[in-house]
Amino acid sequence: MSTRDLVLCALFAAIIVALGILPPITLGFIPVPITAQSLGVMMAGVVLGARRGTVAVLIVLVLVAIGLPVLSGGRGGLAAFAAPTSGFLIGWVLAALTTGYLSERLVNPDQSTTIQTIGFFLAAMIGGIVVLYACGISYLATVGGLGFGKAFFGSMAFIPGDVLKAFVAALVGRAVMAGYPLLPARR
């Protein structure tokens, strides 16, 4: 990786951490709050692509593992990887990879603004919701002992917010593509 790539990865790792500072939204009927950090994961994949977006997420996870309080609510340390919801945290890696891979394939500079935005949105939806939820729900069902059905239906409360995050990530991806043409290619 070039120095520029590393700087971009560090920048998006910082964005993911900064989104953890935003206060989580707590719904009374589910014990897990809604956080903005998954938006950062989607944006990393959309803007940086598969390789660099994944590296940005891995930087955040290393910071978590060494004990820095970079997760929403000031959490950090290896205990964050032992919770029943850790599958979502681990799923960030595959989510950024998938979102980046799909955005590299679905979006190119020759397309119209609308097609680019739709491509980024689809990439963020598939990577940041489908893949992330597949990892998180599977882990929650297995390790949390909830069973797949209960874990699946319990996670559905987060879908509307995540669709909104995917839309925001698509808008950011399109804005970066239009406003910063000198940003190195995502591949």
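You'll find the structure just up there.
Residues numbered from 1 in each chain as written. Predicted model: local features only at pLDDT ≥ 70, side-chain atom pairs only at ≥ 80, totals over all residues. Heavy atoms only, no water.

Draft legend 1. Main features of the packing of aromatic side chains. Enumeration according to the criterion identifies 4 aromatic pairs in this entry. Ring centres of F121 and F167 lie 6.4 Å apart, and the angle between their planes is 75 degrees; on these two criteria the pair is classed as edge-to-face. Of this pair, F121 sits in helix α4 (residues 113-143) while F167 sits in helix α6 (residues 159-179), and the two are 46 residues apart along the sequence. Given the relative accessible area of 40%, F167 is considered partly exposed. For the ring pair F152 and F153, a centre distance of 5.2 Å and an interplane angle of 85 degrees mean the geometry is edge-to-face. Residue class for F152 comes out partly exposed when judged on its relative accessible area of 30%. Taken together through their ring pairs, the aromatic side chains of F148, F152 and F153 make up a single cluster. (Phe/Tyr/Trp six-rings, centres within 6.5 Å; stacked < 30°, edge-to-face > 60°. Helix = DSSP H or I, 4+ residues; strand = E, 2+ residues; numbered from the N terminus. Buried < 20%, exposed > 50% of the residue type's maximum accessible area, 1.4 Å probe, protein only.)

Draft legend 2. Up close: helix α3 (residues 86-106). With 21 residues, α3 should cover 30 Å at 1.5 Å per step; its first-to-last C-alpha distance of 30 Å lies within 8% of that length. At W92, α3 shows its maximal kink, close to 35 degrees. (Expected span 1.5 Å × (residues − 1). Bend = angle between axes of the 7 residues up to and from the residue.)

Draft legend 3. Up close: the packing of helix α2 (residues 37-65) against α3. The interhelical angle for the contact between α2 and α3, taken along N-to-C directions, is 125 degrees, at an axis separation of 7 Å. Comparing the axis directions of α2 and α3 gives the class oblique. Crossing angle aside, the handedness with which α2 passes α3 is left-handed. A per-class count over the contact of α2 with α3 returns 15 nonpolar, 8 polar and 1 charged. (Axes fitted to C-alpha atoms, helices over the stretch in contact; angles between N-to-C directions. Parallel < 35°, antiparallel > 145°, perpendicular 65-115°, else oblique. Left-handed = near helix turned anticlockwise from the far one by under 90°. Nonpolar A, V, L, I, M, F, W, Y, C, P; charged D, E, K, R; others polar.)

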